[in-house]
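If you want the building blocks of each chain, they are given just below.
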Amino acid sequence: MHVTNAHNPTTTVCTRTLKSRCSELQDIRRIVSGGEPSALLQSEVLSLSDEERKSLLKEAGISDEIKIGPAEVLAIKVGLAIPWNKIRLLRRWLMASNVSLACEERMRHVSKRIVDDNIQGELAPFSFTLTSGGEELRAAPLVFIPTEAGDSFANLHIALDRYKEQCIKSNEITCRQYTLKVFLSGDYEFLSKFYGLSGASGAHPCPFCLIANAEMATPLIERGHAPPRTLDGIEEQYLFYLVSGSVRKQAQHFYNCIFEPIFNIPLEQQSAERAKSVEQLEAKIAASTRAVKKGYLFNEGPFVKELDKALQGFGVHRQQYFGGAFVGNHVHAALKVSNINKLLTSILCAARANLPHKAEMVENETVKFLNVFTLFAKCHAIYDNNFIDETNVEKLGSTEVEHLHTLDRVMSRLEEHGLHLKLSKCVFMAPSVEYLGHHISADQMAFVQRKGRNAP
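Definitions and cut-offs
Residues numbered from 1 in each chain as written. Predicted model: local features only at pLDDT ≥ 70, side-chain atom pairs only at ≥ 80, totals over all residues. Heavy atoms only, no water. Salt bridge = Lys/Arg side-chain N within 4 Å of Asp/Glu carboxyl O. Helix = DSSP H or I, 4+ residues; strand = E, 2+ residues; numbered from the N terminus. Buried < 20%, exposed > 50% of the residue type's maximum accessible area, 1.4 Å probe, protein only. Patch = residues over 30% accessible without salt bridge, like charges linked within 9 Å, V, L, I, M, F, W, Y side chains within 5 Å. Areas by Shrake-Rupley, 256 points an atom, 1.4 Å probe, with all protein chains shown as cover. Phe/Tyr/Trp six-rings, centres within 6.5 Å; stacked < 30°, edge-to-face > 60°. Lys NZ or Arg CZ within 6 Å of the ring centre and 35° of its normal. Core = buried A, V, L, I, M, F, W, Y, C linked by side-chain atoms within 4.5 Å. Axes fitted to C-alpha atoms, helices over the stretch in contact; angles between N-to-C directions. Parallel < 35°, antiparallel > 145°, perpendicular 65-115°, else oblique. Contact = heavy atoms within 4.5 Å. Nonpolar A, V, L, I, M, F, W, Y, C, P; charged D, E, K, R; others polar. Left-handed = near helix turned anticlockwise from the far one by under 90°. Expected span 1.5 Å × (residues − 1). Arc of directions from axis to C-beta. Polar contact = N/O pair within 3.5 Å; in protein donor to acceptor, adjacent residues only side chain to side chain.

A.B. asks: Is there a simple way to explain the pattern of salt bridges in this structure?
C.D. replies: Note that side chains of opposite charge can pair when their charged atoms are close. On inspection of all chains with the given rule, the structure shows 8 salt bridges. Among the ionic pairs, Glu 104 bridges to Arg 88, the shortest N-O distance being 2.8 Å. Of the two residues, Glu 104 sits in helix α6 (residues 104-118) while Arg 88 sits in helix α5 (residues 84-95), which places them 16 residues apart along the sequence. Accessibility expressed as a relative area gives 18% for Glu 104, which makes it buried. Glu 104 is paired through a salt bridge with Arg 108; the nearest N and O atoms lie 3.0 Å apart. Placement of both Glu 104 and Arg 108 in helix α6 is noted, with a separation of 4 residues, approximately one turn of the helix. What you see here is one network of salt bridges that share partners, running through Arg 88, Glu 104 and Arg 108.

A.B. asks: I would appreciate a short explanation of a nonpolar patch on the surface in the present structure.
C.D. replies: A surface patch of nonpolar side chains, amounting to about 270 Å² of accessible area, comprises Leu 239, Phe 240 and Leu 242. Position of Leu 239 relative to the elements: it lies in helix α11 (residues 231-243).

A.B. asks: Please clarify how the packing of aromatic side chains should be interpreted in this entry.
C.D. replies: A ring pair, where both rings are aromatic, is described by two values, the distance of the centres and the angle of the planes. By the definition in use, this model includes 6 aromatic pairs. Their ring planes at 40° and their centres at 4.1 Å tell us that Phe 153 and Phe 259 sit as a pair that is tilted. Here Phe 153 is found in helix α7 (residues 153-160), whereas its partner Phe 259 is found in the loop between α11 and α12 (272-294), with 106 residues between them in sequence. Note on Phe 259: relative accessible area 30%, which makes it partly exposed. For the ring pair Phe 194 and Tyr 195, a centre distance of 5.2 Å and an interplane angle of 75° mean the geometry is edge-to-face. Directly above the ring of Trp 84 sits Lys 77, whose terminal nitrogen or CZ lies 4.8 Å from the centroid. The cationic tip of Lys 193 hangs over the ring face of Phe 153; the distance from NZ or CZ to the ring centre is 5.3 Å.

A.B. asks: Looking at this structure, I do not really get the nonpolar core. What am I missing?
C.D. replies: When a protein is soluble and globular, its nonpolar side chains tend to lie buried together. Residues Leu 184, Phe 190, Phe 194, Tyr 195, Phe 263 and Ile 265 are the most contacted members of the largest nonpolar core, which totals 20 residues. Residue assignment for this core shows that the elements contributing at least two residues are α9 (188-194) and α11. The greatest single-element share of this core, amounting to 3 residues, is contributed by α9. Listed in part, the 15 residues of the second largest apolar core include Leu 307, Phe 314, Leu 355 and Val 362.

A.B. asks: What is the right way to look at the packing of helix α1 (residues 15-32) against helix α2 (residues 37-46) in this model?
C.D. replies: The description of two packed helices rests on the angle between their axes and on the distance between the axes. Orientation of α1 relative to α2, taken along the N-to-C sense of each, is 100°, at an axis distance of 8 Å. Classed by the angle they form, the pair α1 and α2 counts as roughly perpendicular. Facing α1, whose interface residues are Arg 29, Arg 30 and Val 32, α2 presents Pro 37, Leu 40, Leu 41 and Glu 44. Tallied by class, the residues present in the contact of α1 with α2 amount to 4 nonpolar, no polar and 3 charged.

A.B. asks: Teacher, can you tell me more about unusual backbone geometry here?
C.D. replies: Leaving glycine out, the prevailing phi sign among residues is negative, and the prevailing peptide bond configuration is trans. Non-glycine residue Ser 246 carries a positive phi angle of around 55°. One can find Ser 246 in the loop between α11 and α12. Positioned with a positive phi, Tyr 255 is a non-glycine residue whose angle comes to about 55°. In this structure, Tyr 255 sits in the loop between α11 and α12.

A.B. asks: In this structure, what is going on with the packing of helix α13 (residues 302-313) against helix α15 (residues 337-354)? I would like to understand it.
C.D. replies: Contact pair α13 / α15: the axes reach a minimum separation of 9 Å and the direction vectors enclose 145°. Crossing geometry of α13 relative to α15 is assigned as right-handed. On α15, the residues that touch Pro 302, Phe 303, Glu 306, Leu 307, Ala 310 and Leu 311 of α13 are Lys 342, Leu 343, Ser 346, Ile 347, Ala 350, Ala 351 and Asn 354. Considered class by class, the residues forming the contact of α13 with α15 number 9 nonpolar, 2 polar and 2 charged.

A.B. asks: Help me understand α13, please; the structure alone is not making it clear to me.
C.D. replies: Because each turn of an α-helix spans 3.6 residues, side chains separated by three or four positions in sequence point in the same direction. Between its first and last C-alpha, α13 extends 17 Å over 12 residues, near the 16 Å set by a 1.5 Å rise per residue. Turning to α13, its buried residues number three or more, namely Phe 303, Val 304, Leu 307, Asp 308, Ala 310 and Leu 311. Down the axis, α13 shows its buried residues gathered within 165° of arc, on one side only. For α13, the exposed residues set more than 90 degrees away from the buried face come down to Lys 309, Gln 312 and Gly 313. Positive backbone phi, approximately 75°, marks Gly 315, located one or two places after α13.

A.B. asks: So what exactly am I meant to see when it comes to the side chain of Asn 256 here?
C.D. replies: Tracing the chain through its elements places Asn 256 in the loop between α11 and α12. In terms of polar contacts, Asn 256 uses its side chain to reach the backbone amide nitrogen of Ala 203, at 3.2 Å. If we ignore the near neighbours within four places in the chain, the residues touching Asn 256 are Gly 196, Leu 197, Ser 198, Gly 202, Ala 203, His 204 and Ala 251.

A.B. asks: How should I be thinking about the side chain of Glu 104 in this particular structure?
C.D. replies: A distance of 2.8 Å separates a polar atom in the side chain of Glu 104 from a polar atom in the side chain of Arg 88. In contact with Glu 104, other than residues within four places in its own chain, are Trp 84, Arg 88 and Arg 91.

Shape descriptors only; they carry no functional weight alone.
As structure tokens, then:
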């Protein structure tokens, strides 16, 4: 093995010579190490003393110092609940192990930016007890943190796991004859995820009791109270769920307990107002379900009752054909324009009272049926005394006939090009429409005047 004899020290040679020497040294190390030059180089570095190794890295411009950024140090501070003075002691202690923490100024800057971007506050009227007795309302700051992160199981664990030990210790604190209790409050999704339940999609969706989803539509007076959920019961069913293989489709057999509760807070230690609101919501769901099922039942549903009132208002009595059809001997009276409006208005009022979340849809359908019934009333008036022929069709008005022909041509053209229309956005046989800020009718086209806005 030939080794080049160097005439000049390495610190004085040019870059080209330096590369040549490094290449020759690598070849020698490969031969001497038996084909493992990296292992030999590692042994050479480890054979140096700490002072020699640090001096070598310093001369080469390589730092072996471990640096922790401001965001990471801030996370340590929050996670361990360490005050600023303890962070300063920690910084000095870690410096001996060659670990460098970000400076306090940078940490405070990051903390301020997080607070400014994520925390909102306002002054709210709180009640304060006076030393002289009584209470008074004073403005006090109310702080809240909006976030787009949902109440997923992972997010709740990230946010709450750090307080688990504090929660356990708080439940053990006693003062005189009183014991401190931690209460839990939140919406339905939060409570379900907190106690490890699968939520509204499960067969047992209630976080307070073991009622089945199919039983919730039955009035409470008929089915009685379901057995309440307990913390021990949730943990027991969760263990059974784990032993069975944790198959999500089988969760209904374990009352939908699919995760371990985050904290061991008994279910009775929940906000009373929250429990009351859930009971009210359950009652509304049951009432809405009954309204939908019984809406058109003879002499029972709210829609039928409202229609009966409207019919009786203009002297028409419903006959019981096929379980309650609205066909009788006074069809001509029911098909008057004013009476058609009364009938459709009764349906809309019943929807607003019993199914408010469907009121807008019912209102749109009412407009469509108003146009259909009005045209049918015209046809009935002709058919009542005559057979319908070409002459009688013309009596309906050239506008209606022409409109139907035009509508047929438009629909055919759309069908040819594969285009579709959304029925809820369409209006047929209407005397006037609003379009792009204009009120358009057969007689005129005018700007729509709205309060607080100028016409274009």
